[in-house]
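The lines below spell out each chain.
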Amino acid sequence: MDFIKFMKKIFFLIFLTSNISIFAITGEEILRKVDNNLNFQSAIITTRLEIHLPNESVRIKKLKSYIQGKNAYTEFINKEDKHIRYLKLNKQMWIYDTEEENIFLISGHLLKQGMMGSDISYEDALEADKIYELYDINLLGEEKLNEKNCYIVELIAKNKNVSYYRRKMWIDKEYFIPLKEERYAISGKLLKTFEYFDIKLYKNRVYPTKTIVSDKLKQNTKTIAIIEEVIFDIDIPQNYFSKRYLQR
Amino acid sequence: MILLITILWFLFTPFYLSSQQKNFDFSGYFQTESGILNFLSDEYKNYFLNRNTFRFNFLNKKQNIKLDGSIDLHILATEYQHLYFSSLDNSTQIYDDLYLLTNLRKLYCMLKIKNFDIYIGRQLIKFGEGTIFSPLDPFSKIDFNDILLSRYGIDAIRTKISLSNTEYFETIFLPKENFKYKDITSRLGFTIYNYDISTMIYYYNKSNIKSFGFSFKGDLLLGLYGEYIYYFKDDINFYSYLLGLDYSLYQKIIFKAEFYKNNYDNNIVSIVNNFISPFFSKTYLMLQTIYTLSIIRSIYFTYIFNLDNNANLTILAYQHNIYQNIDIIFSLRHIYKDISGFTTDENLQVIYYSFGLKIRF
């Protein structure tokens, strides 16, 4: 009987440890949960960009974006830039200047340029694919960041056609949204950091409404993107995502 | 000068303020530029130049109709009017060496009827992809005194039909010489394999010349774009083409290069000058660099070289945004011979240094 009790304990311990390994979360599972929060089918977003430069007053830009799937239409609504509009259809982007009534295709390498000179590039703005489809994901561990428990996840690009070869993310364990991200070139050079704040709840998702982007190739500059208004999962007329609407 | 600016301000401010309640949208800028013009020839001469531009844009937009306009008021002092007289109408001498030039850049009405858009009036129309050279574009006249090379409008009736998100077909009627002649052109635009492509045909009523051409823009390691147009009529035929490259470096620098060539016979220049103006020589090269130091500082360098007569035009400019809507602009222009190739002034060499202030509203 003692032997049987002993064997039951052994089997219980084996069962316990095997179940721990079955239920431990993987890096990909973490990113899928993150994508559930951050990716959306459609949205109308009003964003305020504060561009901080050394020894200069802050430059403010405001824009309104209509986003559906991989398509987006954006127009600047601050007075100085009201004549500029963008249209993104899948991987292509056009700029339209209403004052000159001229439309430009931004393609390839020009997508690496910062939008209106900010630290956010056109490539950053174009990114819409699910992260776990583009990257191999490793869970590096856990850490506390800004008093919050985080998973640390490393992403290595599956192919070279992505904007950043390597990414390192701190993911809030409670809400599954990134709190910080570092983006690296294939050489290992740190290119940009993204920090996320002011998390808000919108129906069935949580979303950070303040993002600070620092371009590490420039000194003492940062761009703060603040979402002033957002509506998720709204029907947007298809004609918004056309050259005709861009040039209206 | 100050009195005139004050009058303009008081005239337009009430419209601007009241537009907040109505559908009218007003915008524009005031720009002043002063500089020294040096003629580096046998008779060395210096001139002080001053140019002031008030651009006023207005827009009234409802669901299916739009009224869009833009007018430039230039006040030119001293020698500047000689640079401008050939390209602008409606000048008035308002004082000794002071001239007022008005340029209605655009004033048109647009109607939307289902998939059709109809534009009537003076409009900014651009065909092709070129920055400086654009053989496919019979409409645009570039203001070479503007470092940003803005364009002037053209009177036309245009109909455009959207075939898809990116595809369109348009037809443009252009009355010439008080409706004595009517040119007509059609263009088809589409996107394929991430390339923007357009094809066009044009009929020039007065000279009875026809043309057809195409343009493309896309990416192949470098940004690649080009245009080709072929003109023909009885025993007259010639072509022009453009090849352009652009590339971005370090997310701050954009390089552009354009090569332009045409092969028209010199004997027919009087017939074809409208098609090739302002570039009358056979071969040109353009190099351009835009260096974005930051969101508030940019350097522009443009070099245009006439390979036939070795004339060249160099523009170097530095633009600094000192406040949200205020820019200062330093520029230097060097002209060696006649870049257009129209005259044979071998001694022409000019340097112009200027400082400008631009306030957007």
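See above for the structure.
Overview of the structure. (Residues numbered from 1 in each chain as written. Chains lettered and ligands numbered in written order. Predicted model: local features only at pLDDT ≥ 70, side-chain atom pairs only at ≥ 80, totals over all residues. Heavy atoms only, no water.)

## Side note on the overall build of chain A
Logical step 1: Counting its regular elements, chain A contains five helices and 13 strands.
Logical step 2: Scored against the burial criterion, the 248 residues of chain A give a buried share of 52%.
Logical step 3: At a minimum sequence separation of 6, the contacts of chain A that also span at least 24 residues come to 44%.
Logical step 4: Accessible area for chain A stands at about 12600 Å²; split by element, carbon and sulfur atoms hold 52% of it. (Helix = DSSP H or I, 4+ residues; strand = E, 2+ residues; numbered from the N terminus. Buried < 20%, exposed > 50% of the residue type's maximum accessible area, 1.4 Å probe, protein only. Contact = heavy atoms within 4.5 Å. Areas by Shrake-Rupley, 256 points an atom, 1.4 Å probe, with all protein chains shown as cover.)

## Structural notes on unusual backbone geometry
Logical step 1: You will see that N194 of chain B, though not glycine, has its phi angle at about 65 degrees, which is positive.
Logical step 2: If you trace the backbone, N194 of chain B turns up in the loop between β11 (181-192) and β12 (195-204).

## Focus on the side chain of R183 of chain A
All names here are of chain A.
Logical step 1: By the secondary structure assignment, R183 is in strand β10 (residues 178-184).
Logical step 2: Accessibility expressed as a relative area gives 5% for R183, which makes it buried.
Logical step 3: Engagement of the side chain of R183 in a polar contact is seen with the side chain of E181, the distance being 2.8 Å. (Polar contact = N/O pair within 3.5 Å; in protein donor to acceptor, adjacent residues only side chain to side chain.)

## Focus: helix α3 (residues 269-276) of chain B
Residues and elements named next belong to chain B.
Logical step 1: Turning to α3, its buried residues are V272, F275 and I276. For α3, the angular spread of the buried residues around the axis is 80 degrees, confining them to a single face. Away from its buried face, by an angle of more than 90 degrees, α3 presents the exposed residues S270 and N274.
Logical step 2: Contacts from the buried residues of α3 go to β12, β13 (209-220), β14 (222-233), β15 (236-249) and β16 (253-262). (Arc of directions from axis to C-beta.)

## Overview of the pairing of strand β5 (residues 98-113) of chain B
Residue and element names in this part refer to chain B.
Logical step 1: Judged from the 13 bridges that link them, strand β3 (residues 65-78) and β5 form a sheet pairing that is antiparallel. Bridging from a neighbouring strand, L76 pairs with Y99 of β5.
Logical step 2: In terms of strand pairing, strand β4 (residues 91-95) meets β5 through four bridges, oriented antiparallel. The residue bridging S91 from the neighbouring strand is L101, located in β5. (Pairing = 2+ DSSP bridges.)

No statement about biological role is implied by the geometric values presented.
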